[in-house]
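Summary of structural features
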Amino acid sequence: MNALEQARAIGQSFWLDYIRKDLIESGELEQLVSAGLLQGMTSNPTIFEQSISKSDLYTASLRPLAQAGWTTEQIFDALTLDDIRGAADVFRPVYEAASGGDGYVSIEVSPLLADDTQASLDEARRLWAAVNRPNVMVKIPATRAGLPAIEAATADGINVNITLIFSLARHAEVMEAYLRGLETRAERGASLDHIFSVASFFVSRVDTLVDSLLERLVKEEGPAAERAASLLGKAAIANARLAYAQYQAVFHGPRFEALRAKGANVQRPLWASTSTKNPDYRDTVYVDNLIAAETVNTLPRATLEAFRDHGDASATLDAGLSEARAQLEALASLGVSMEAVTDQLEREGVAKFSESFEALKKSIATQAEKLEAEIPGLQAPLRETLKRFDQEEVGRRLWAEDPNLWPTGEDPASERLGWLSLPQRSVASIEPITSFAAKIRAEGVTDVLLLGMGGSSLAPAVMERMGWGDGGLRFQVLDTTEPSAVHDAVRERPPQTTLVLVASKSGTTIEPMSLMEIFWERAQRAMGEAAGTRFAAITDSGTPLEAQARRRGFSAVFTSPSDVGGRYAALTEFGLVPAGLMGVDLQALLEGGARMARASSPNAPSARNPGLFLGALLAAAASLGRDKLTFVADEDMQPLPAWIEQLIAESSGKDGKGLFPVAGEPPAGADAYGADRLMIYLRSTGEHDRRAQTWARQGVPVVVLQTGSQPEAVGAEFFRWEIATAAVCHALGVNAFDQPDVQRAKDQARAALRSRKRDSVPQGNVAWSQQGIEVWAHHLFPDGTTLRAVWETVLAQLTEREAVVLLSYLPERPTVEKPLVRLRRLIRDRTRAATMLGFGPRYLHSTGQLFKGGPDRLLAVYLIGPVSDTVVIPGDELPLGILQRAQAVGDFEAMHAAGRRAYAFVLSSPSELDVLEKALRDALAQRAGSAA
């Protein structure tokens with residue numbers, strides 16, 4: 001056994017004298033506890049001051065509280081209580097296994113109250129109730145004023161850790177206070193068996209002060225010098241030996257035996273300040289010499305590791321009492337008064353903790369001021385919205401699945417709130433998903449091709465782009481009807497080694513169902529009756545897709561909960577099955593969601609509920625006209641905004657209301673953004689910190705969300721944004737779960753297909769045509785109009801606080817995407833308008849709802865390519881290019897039917913984008929000249 005194990009066998013417990021957020025949240029503390037290295041934890045104002053003031057670990061937690069207007073004291077309280085509760089939960093198994101004998105985490109009353117009995121008692125009672133864990137101890141200083149508070153708190157049934165004990169006389173008074181508290185409680189007829197206490201007797205500080213006095217005598221080289229030198233480093237351990245003797249006399253004596261018979265527990269000595277301050281002394285000297293049964297040693301991590309590595313657990317604390325008394329008497333004979341030493345140390349101890357507390361408050365105030373400045377102009381409406389959320393009990397009602405939080409819509413909220421329980425209930429899906437993934441790998445599958453749209457594909461697309469997968473399978477999301485993309489997928493994915501995963505919630509979505517037929521025909525040709533072994537489906541129970549998949553013998557059919565809408569389905573089978581096939585850690589993904597769910601508990605005030613706070617912030621910004629939510633992400637988080645964009649757009653954009661989420665727009669200086677912008681920074685590495693600070697200084701509010709790029713962090717973000725979206729939709733007064741305008745484009749697309757003549761191409765109203773470019777509009781351009789003039793007409797439609805939506809029906813290739821980025825940047829930089837980009841038909845199932853049902857503050861510009869007949873849908877014998885063109889025409893007409901301003905540029909080739917860009921530059925230059 002190592003020294004720690006040997007000491008544990010003797011009966012000593014080891015508590016860590018340290019607490020910090022990352023230790024708890026990283027799982028490191030749980031590992032230390034599970035390994036049996038720790039049985040408890042202590043904290044004090046100095047520890048918290050070092051943790052909070054000297055790291056940025058607490059910034060993410062501090063930010064919403066500062067922006068919500070909480071006081072410095074309230075923020076300090078919230079941050080420390082979070083850590084104490086989190087640590088207590090980690091130690092709870094130790095507490096239960098020890099029947100309350102160990103597993104405690106200590107929190108200290110404010111040292112500023114050390115000389116106020118009633119205030120100390122009130123604070124102890126408040127902290128005990130606030131932490132609300134049986135395995136917490138409240139630390140009360142052993143000052144003269146603290147003693148009555150200790151007695152009363154014990155009588156109340158509070159576990160007390162009495163701190164800052166230096167003298168034997170004060171230790172005796174502490175034990176007396178504990179006994180009297182127990183006796184008072186017994187007289188009340190209350191139980192004693194659940195009350196535990198420790199007396200924290202400080203050690204190394206005694207040597208530090210006594211040694212400084214002895215060293216003066218040594219330096220004087222008088223007759224006492226040699227004797228003084230022999231006593232260096234002896235006072236602290238001698239003092240502790242005698243304190244342990246006091247403990248034995250009291251808690252193994254007749255008075256306590258009467259209390260023990262009623263269930264009372266001893267008050268163990270806890271050796272504190274046990275790190276070695278003097279480099280000349282052994283680094284474990286205050287551990288090696290303080291080992292005894294029924295004691296605790298609380299020590300910093302370095303001392304813990306040193307003792308584990310080379311400590312000596314053979315020493316016994318109850319030996320050498322005569323020598324200890326002789327050493328203290330020798331000190332007295334040299335004029336070193338232990339009473340004076342311990343009195344000074346008590347005063348200094350209180351003063352040191354008070355200084356740390358004041359320094360921490362100052363640091364929090366400074367940080368809070370800086371974080372408030374991130375959202376200039378939004379503080380007042382944010383606080384008003386948070387107040388309203390609390391008054392309306394939005395958090396409680398959300399978790400109670402109260403459908404009255406939102407107006408009634410085509411899809412009632414009462415039938416779409418199942419996503420709230422997904423982090424827990426989806427755990428049952430992990431095993432069948434991972435088993436299926438192992439099965440298909442064993443069968444030789446090397447590729448997975450997901451056919452889906454909107455909520456069925458966007459979360460998998462995020463996870464695929466995050467690059468988490470280690471499952472040995474290449475994964476591709478095919479959520480387009482663009483013929484060249486489908487042709488490439490057909491050519492590059494052999495049917496024998498490719499699993500085609502068909503995802504459709506309704507089981508009737510035209511795009512994945514059409515694509516399925518293309519890949520099914522190919523598989524049948526190559527594999528015959530075995531074709532089904534290379535297909536799987538994700539859908540709701542009872543859909544046509546489920547029936548067809550079972551009829552065709554698909555290798556698996558995964559059904560998703562029907563009470564979860566598509567865009568809220570990231571943690572259902574629609575997200576988990578693709579993730580499992582990629583090799584993503586599904587347990588971590590769901591645990592992230594569960595962690596965010598716990599943080600967003602129904603009883604948390606809105607400022608402490610991450611999802612509600614974010615929703616309130618978005619609503620507050622919208623109330624001031626800042627409804628263009630512009631996302632900026634560090635490189636490792638860049639895939640996520642596309643998912644958030646569709647969630648917010650489809651949920652909020654209806655009844656003439658809604659927010660415009662802008663993902664993928666290149667970041668720029670503050671002068672590129674109008675008064676309608678709210679910047680949202682997904683921060684993991686901090687690469688945009690300087691840019692974000694500049695935006696805020698120049699009046700553009702920035703919502704900074706600290707996150708990470710691993711599955712657990714992204715799982716948490718999925719859940720945070722779902723709650724935020726539900727909350728902001730409540731504030732806007734729209735149903736977050738229906739999509740009444742999505743069907744318009746689908747109906748118009750079907751009409752375009754029905755009305756076309758055989759072999760003809762669906763067409764919009766041609767208002768201008770020249771040299772390979774057509775323009776569709778619902779008005780004609782005069783003869784002789786140039787392309788620049790067309791752009792000038794389009795831009796003339798643009799007024800303040802509007803968004804420009806570029807809707808592309810072109811191949812998603814670098815040769816197309818780069819010009820589109822330039823178009824976005826041109827429009828944004830020259831007009832300050834927010835620019836959104838959607839690829840058809842994908843956006844029809846998500847952001848398209850906002851474009852037709854949201855505020856009439858957008859200008860839609862379609863970019864449509866030539867029709868290709870390279871891929872044909874079997875059965876219908878319909879070229880995929882015709883379907884894609886019909887969808888473009890249908891959406892264009894649906895946009896006009898909704899009263900939106902829309903223009904379509906139809907290109908004979910994607911290369912015409914260069915011509916379009918030049919004409920746009922000229923038009924913008926003309927616009928700038930006219931404005932000047």
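Residues numbered from 1 in each chain as written. Predicted model: local features only at pLDDT ≥ 70, side-chain atom pairs only at ≥ 80, totals over all residues. Heavy atoms only, no water.

Description of the side chain of lysine 21
With respect to the secondary-structure elements, lysine 21 resides in helix α2 (residues 21-25). Its relative accessible area of 11% is what places lysine 21 among the buried residues. Setting aside its immediate chain neighbours within four residues, lysine 21 contacts Leu57, Tyr58, Ser61 and Asp83. (Helix = DSSP H or I, 4+ residues; strand = E, 2+ residues; numbered from the N terminus. Buried < 20%, exposed > 50% of the residue type's maximum accessible area, 1.4 Å probe, protein only. Contact = heavy atoms within 4.5 Å.)

So, the pattern of salt bridges
In this structure the tally under the stated criterion is 66 salt bridges. A salt bridge links arginine 828 to aspartate 829; the nearest nitrogen and oxygen atoms lie 2.5 Å apart. A residue is classified by how much of its surface remains accessible, and arginine 828, at 0% relative accessible area, is buried. Overall, the relative accessible area of 38% leaves aspartate 829 in the partly exposed class. Sharing partners across several salt bridges, the network here consists of Asp447, Arg474, Asp488, Arg491, Glu492, Arg493 and Arg813. (Salt bridge = Lys/Arg side-chain N within 4 Å of Asp/Glu carboxyl O.)

Observations concerning the environment of serine 120
In this fold, serine 120 is placed in helix α7 (residues 117-131). Taking the relative accessible area as the measure of exposure, serine 120 reaches 1% and is therefore buried. Separated by 685 residues in sequence, serine 120 and valine 805 place their C-alpha atoms 61 Å apart. Look past the residues within four positions of serine 120 in its chain and what remains in contact with it is Val109, Leu113, Ala114 and Ala149. Of the polar contacts made by the side chain of serine 120, one reaches the backbone oxygen of leucine 113; its length is 2.7 Å. (Polar contact = N/O pair within 3.5 Å; in protein donor to acceptor, adjacent residues only side chain to side chain.)

A look at unusual backbone geometry
Cis peptide bonds are those with omega within 30 degrees of zero, and the linkage from glycine 840 to proline 841 qualifies with 0 degrees. Checked against the element boundaries, proline 841 lands in the loop between β21 (834-839) and α35 (848-853). We note that glutamate 294 has phi near 60 degrees; this positive angle belongs to a residue other than glycine. Locating glutamate 294 in the fold gives a position in the loop between α14 (285-288) and β8 (295-299). Residue glutamate 294 is classed as partly exposed on the basis of its relative accessible area of 28%.

Digging into the sheet that holds strand β15 (residues 660-662)
The strand order across the open sheet built from 4 strands is β15-β14-β16-β17, with neighbouring strands paired in parallel fashion. Two strands bound the open sheet, and with one partner strand each, they are β15 and β17 (702-706). Going from strand to strand, the sheet's axes swing by 20 degrees on average, the running direction of each strand aside. (Pairing = 2+ DSSP bridges. Axes fitted to C-alpha atoms, helices over the stretch in contact; angles between N-to-C directions.)

So, the packing of aromatic side chains
Under the definition given, this model contains 28 aromatic pairs. Considering the side-chain rings of tyrosine 809 and tyrosine 843, the 6.0 Å spacing of their centres and the 75 degrees angle between planes classify their relative orientation as edge-to-face. One end of the pair, tyrosine 809, is in strand β20 (residues 803-809); the other, tyrosine 843, is in the loop between β21 and α35, with 34 residues separating them in the sequence. By the ring-pair criterion, three or more aromatic residues cluster together here, those being Trp399, Trp406, Trp419, Tyr568, Phe719 and Phe737. (Phe/Tyr/Trp six-rings, centres within 6.5 Å; stacked < 30°, edge-to-face > 60°.)

Points about the environment of glycine 528
Take glycine 528: it is sitting in the loop between α24 (510-527) and β12 (535-540). On a C-alpha basis, the gap between glycine 528 and histidine 845 in space is 34 Å, while along the polypeptide they are 317 residues apart.

Section: the sheet that holds strand β25 (residues 901-907)
In spatial order, the strands read β18-β19-β25-β22-β20-β21; together these 6 strands make up an open sheet with mixed pairing. Two strands bound the open sheet, and with one partner strand each, they are β18 (766-770) and β21. The sheet shows a mean angle of 15 degrees between the axes of neighbouring strands, taken without regard to direction. Taken together, the 6 bridges between strand β22 (residues 858-864) and β25 define a ladder with parallel strand orientation. Across the sheet, leucine 863 pairs through a bridge with phenylalanine 905, a residue of β25. Set on the sheet, helix α33 (residues 787-796) makes contact with β18, β19 (773-776), β22 and β25; between it and β25 the angle comes to about 155 degrees.

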